[in-house]
Every structure is written in C-alpha cells, then in structure tokens.
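Below, each chain spelled out in residue letters.
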Amino acid sequence: MSGDSDCTRTSPSAGSPSDNELLLDRPKYVCSLSPDLVTKAREELQEKPEWRLRDVQALRDMVCKDYPSLGTCLDDAFLLRFLRARKFDYDRALQLLVNYHTCRRTWPEVFSNLKPSAIKPVLESGFVTVLPHRDPQGRHVVCIRPDRWTPSNYPITENIRAIYLTLEKLIQSEETQVNGIVILADYKGVSLSKASHFGPFVAKKVIGILQDGFPIRIKAVNIINEPRIFKGIFAIIKPFLKEKIANRFFLHGCDLNSLHQNIPPVILPEEYGGTAGKLDISAWNELLLASEEDFLHDFSELVLPCDSSPHDLLVSGDADEKQCDDSLRGMKPQLYYCY
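Predicted, not measured: the structure shown is a model, and the values here were computed from it. (Residues numbered from 1 in each chain as written. Predicted model: local features only at pLDDT ≥ 70, side-chain atom pairs only at ≥ 80, totals over all residues. Heavy atoms only, no water.)

Draft legend 1. Region of interest: the side chain of Glu174. With respect to the helices and strands, the residue Glu174 is situated in helix 10 (residues 174-179). Within polar-contact distance, the side chain of Glu174 engages the side chain of Tyr29 at 2.4 Å. Within the structure, Glu174 has its side chain in polar contact with the side chain of Ser32 (distance 2.6 Å). What Glu174 contacts, discounting residues up to four positions off in sequence, is Tyr29, Val30, Cys31, Ser32, Leu33, Leu80 and Arg84. (Helix = DSSP H or I, 4+ residues; strand = E, 2+ residues; numbered from the N terminus. Polar contact = N/O pair within 3.5 Å; in protein donor to acceptor, adjacent residues only side chain to side chain. Contact = heavy atoms within 4.5 Å.)

Draft legend 2. Here's a closer look at the pairing of strand 3 (residues 181-186). Counted residue by residue, strand 3 has six buried out of six residues, so it is predominantly covered. Side chains Ile181, Ile183 and Ala185 of strand 3 all project onto a buried face; the interleaved residues Val182, Leu184 and Asp186 project onto the opposite face, where all are buried too. Here strand 2 (residues 140-144) pairs with strand 3 via five bridges, running parallel. Paired with Val142 across the strands is Ile183, a residue of strand 3. For strand 3 and strand 4 (residues 218-224), the ladder comprises six bridges, and the chain directions are parallel. (Buried < 20%, exposed > 50% of the residue type's maximum accessible area, 1.4 Å probe, protein only. Pairing = 2+ DSSP bridges.)

Draft legend 3. Spotlight on the pattern of salt bridges. Under the criterion given, the structure shown has twelve salt bridges. Two residues, Glu174 and Arg84, come together in a salt bridge whose shortest N-O distance is 2.8 Å. Residue Glu174 is located in helix 10, and its partner Arg84 is located in helix 5 (residues 76-85); the two are separated by 90 residues in the primary sequence. Glu174 sits in the buried class, given a relative accessible area of 8%. A residue is classified by how much of its surface remains accessible, and Arg84, at 0% relative accessible area, is buried. One network of salt bridges, in which partners are shared, links Glu47, Arg52, Arg84 and Glu174. (Salt bridge = Lys/Arg side-chain N within 4 Å of Asp/Glu carboxyl O.)

Draft legend 4. Focus on helix 16 (residues 282-289). Within the span of helix 16, buried status applies to Trp284, Asn285 and Leu288. Taken down its axis, helix 16 places every buried residue within 100° of arc, on the same side. (Arc of directions from axis to C-beta.)

Draft legend 5. The arrangement of the nonpolar core in detail. Judged by nonpolar contacts, the single largest core of 77 residues is most densely connected at Trp107, Ile181, Phe214 and Leu241. Two domains share this core, each providing at least three of its residues, namely domain 1 (35-106) and domain 2 (116-292). Beyond its immediate chain neighbours, meaning those up to four positions away, Trp107 contacts Thr157, Ile160, Phe201, Val202, Lys205, Val206 and Ile209. With 13 residues, the next largest nonpolar core counts Cys143, Leu184, Ala220 and Leu268 among its residues. (Core = buried A, V, L, I, M, F, W, Y, C linked by side-chain atoms within 4.5 Å. Domains from an automatic or database assignment.)

By themselves these figures say nothing about function.
And the structure:
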C-alpha cells in the first residue's frame, strides 16, 4: 500500500465511484475506552470524543499535503495513536509520525525482517517481558533484564528489536495509549564488558525512538539493582534525554521498599519483593508470538516508496554524528572510572 494511494482515499476532490469505494475500505474506528478513560483522555490528552474523527482527518490531510510519499497507514485507529501521544497537537503528532517512519528506515539492523518469530531467542532468554497485571494507574509494566543477555549469542540490536515489538504490541491497546507504560529495568549482574555494547551511538538511537519516534507515553523508568557502573551508563544516556523524561528515572539500588513506592508489591513478582508469584515470561511470549500475522499485515503498510529516501523525511545532521563520535571516544574512561 503506497502513500499516494492512501492520500487519494482522503483527497477532498476524490469523487469518482472507485475512490468512494476505497474510502469505504478503510476500517471504521470504534472507541473501546471506558467512560473513565474517556474522561481521562479529555483531561490529560485534550481528546474530545465529539471532535476525535475530525482531528484524525485533519492529521490525515496534513500527511497527504506535506508528505504524500510517506507510505504510511492512514487508518483512524493508527493515526489516533500519534494524536494521543502528542495531546492532539496536529503539528507535533505529524512530526512524531514522520519520525516513526524515519527511525524505521534509517536503522536496518533493527527494523529489517521485524517480526516476533525473528526475535524468539531474545524472548526465551527473558530479556524483556511484560508483567501480567497493570499498576493502579492502569499502566503495563515492561520488565527488562540485561543480565539475561549473552553477547556472544546475538548482537545488542536483537534486544532492541524485542523491546520495539513489545511496545508495538502494547500500543495496540487504546487503554495503553491513554495510560502509558512503566519500565522496570533490573541491572543485576551487568558487567563492564556487557555495558560497553551500549555505547553512545546505540543510546542515541534508542532514546531518539522512545522520545521522539514512537507513539507511547513512558510515565516512569524504575532502575533496580544497578551496579556502580550504571553511573557511567547513565552519563552516556543523560545528554540525549529531555528534562521531562530524565525526571522520570528512579534509581532504587537494592532498596525494594523504594521500588514499592513506585510499583506496588501486589503486581510485582517474588523476585522484586512482590506477592504476584514467580516471574513468568511464558504468557507474554505466547501472546507476542501469536501476533505474527498481525505484525506482518501492519508492517506491510509501512513501505518506503521507490521515489523517496529516508533523508527526504528527516535529515540527521553531521553535527549530531560528530557529537556521538566525540561521546564514544570518552565512553570507556567513564565506564572504567565508575567500575
């Protein structure tokens, strides 16, 4: 499905029977939010149910006018993710959508052949999973455990692919679009050699996706069992973080009581002082792997047209690359010092 054909569907001048038929082909949006979440979306995201489809159409028109070759899905439900992530600011939602595609097209090591079956070894390792219960604010908790990764088995980009697919699955839920997510990262056992794989280049790419290239609201990042070396890791990450996101990082060390102030024990597994039983990764793995066909269909719509390149959408300046190189040269001394 090309961007041009999508834009033809929504063009005000499209009046021929064939074009009208194309319009009818678009899935009709049906809101699945509870009354409480409708109220929350109105108060926190400026989402007005009576204007919702008008806002979606406005964003669709902007895509067709400003980025006719973007090659994006333009269904109501898909575009609504970007509007909610940017509190229904049309311009910011459009930029997020463009960034979303740019990120996917400029990092082939992560986004080529991106499907659950391709990252099955990562899922089976337990590197990333989602806790079975939401927190009191209705947010899913994404649990990341770097100690489960053996660098000799596969590169760090495989871990990033697994995290990305996890977020893609979560954001399909309108409840998650409104409530956002919480991240729990357990750095127990992370060594200097393992940390060195997460250099400035990778850090800049990942943070760029999470902050500006993916339609999800990250409400908190809880770091547990971080070793001294994490000071070096965070020193690499922090320059790329916006102040709002940096303020949502909570470093708990080995203090489970501190963690429980942010995530209640009732939804945490026993490994983190919780009462929800042993950490079980099988349920999430099965859910994600069962979504293979959904991902193949959804990602098939995100096609780079043959007459455009990623740099036509969003150009990454040489200055940024130089900054990244400079940071890379200073990385190892920082890590060794903290270690």
